[in-house]
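Observations on chain architecture
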Amino acid sequence: LNTKCIKDIVVDFGFDGADLDWEPSAVACTASAGKVSCPTDAEGVAAATALRAALPKGSYLLSTASFHVGVYGEGVFAASKPASAYTGINLAMARSAAGQSFDLINIMSYDAGSLASTGFDPKESFRAHRAAWPNAAIALGVEVGGAPAVGFRLVVCVRARGQPSLRIATGD
């Protein structure tokens, strides 16, 4: 992770910050004694820590994209549906100091299916992410019916004061 390059891009273009879209290719998370662990936990925490060090809180915004099941697998969310290889993949990051310093969490739910097709409930995912990141803003990406796979998405942002905002995002 070349954090100097990322910071240079943020500064050179005048961005407010960056989004850590950490998606490990080899996942094999397991639950034991009520705790989820993944072989990639240290990698995710290290990426968040390095990026936050390069983009200090208060000076830059830092967000992360979290799998829709990324903080499932423990506590009241231990049996949340759908279960997948990615269940709990973001828990170690959420527990870390760097993870708790994120300003915004983007829940990647646009390909999660629905309550009828996969058992996915976006409200459950929101509650799990809010529990994991109590001080960050939470955004939930959902597909708008009839939109092409690469096209429009409706993004629902719930701000810290509970005032929702909506925007239509384009692109993939």
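All of these numbers come straight from a predicted model, not from anything done at the bench. (Residues numbered from 1 in each chain as written. Predicted model: local features only at pLDDT ≥ 70, side-chain atom pairs only at ≥ 80, totals over all residues. Heavy atoms only, no water.)

Focus on unusual backbone geometry
- Following Lys81, the chain continues into Pro82 via a peptide bond in cis, with omega recorded as 0°.
- Its location among the elements puts Pro82 in the loop between β4 (61–67) and α3 (91–95).
- Of note in the backbone geometry, Ala33 takes a positive phi value of approximately 55° without being a glycine. (Helix = DSSP H or I, 4+ residues; strand = E, 2+ residues; numbered from the N terminus.)

Side note on a nonpolar patch on the surface
- Together, Ile9, Phe13 and Phe15 make up an exposed nonpolar region whose accessible area comes to about 340 Å².
- Tracing the backbone shows Phe15 in the loop between α1 (3–13) and β1 (17–20).
- Classification of Phe15 as partly exposed rests on a relative accessible area of 46%. (Patch = residues over 30% accessible without salt bridge, like charges linked within 9 Å, V, L, I, M, F, W, Y side chains within 5 Å. Areas by Shrake-Rupley, 256 points an atom, 1.4 Å probe, with all protein chains shown as cover. Salt bridge = Lys/Arg side-chain N within 4 Å of Asp/Glu carboxyl O. Buried < 20%, exposed > 50% of the residue type's maximum accessible area, 1.4 Å probe, protein only.)

Comments concerning the pattern of salt bridges
- Counting across every chain of the model gives 6 salt bridges.
- With a shortest N-O distance of 2.8 Å, Lys4 and Asp8 are connected by a salt bridge. With Lys4 and Asp8 both in helix α1, this residue pair falls 4 residues apart, about one helical turn.
- The class for Lys4 is exposed, based on a relative accessible area of 57%.
- Under the relative-accessibility criterion, Asp8 is labelled partly exposed at 32%.
- For Lys35, the salt bridge is made with Glu74, and the minimal N-O distance between the two is 3.9 Å. With Lys35 in strand β3 (residues 35–37) and Glu74 in the loop between β4 and α3, this residue pair connects regions lying 39 residues apart in the sequence.
- Given a relative accessible area of 13%, Glu74 falls into the buried group.

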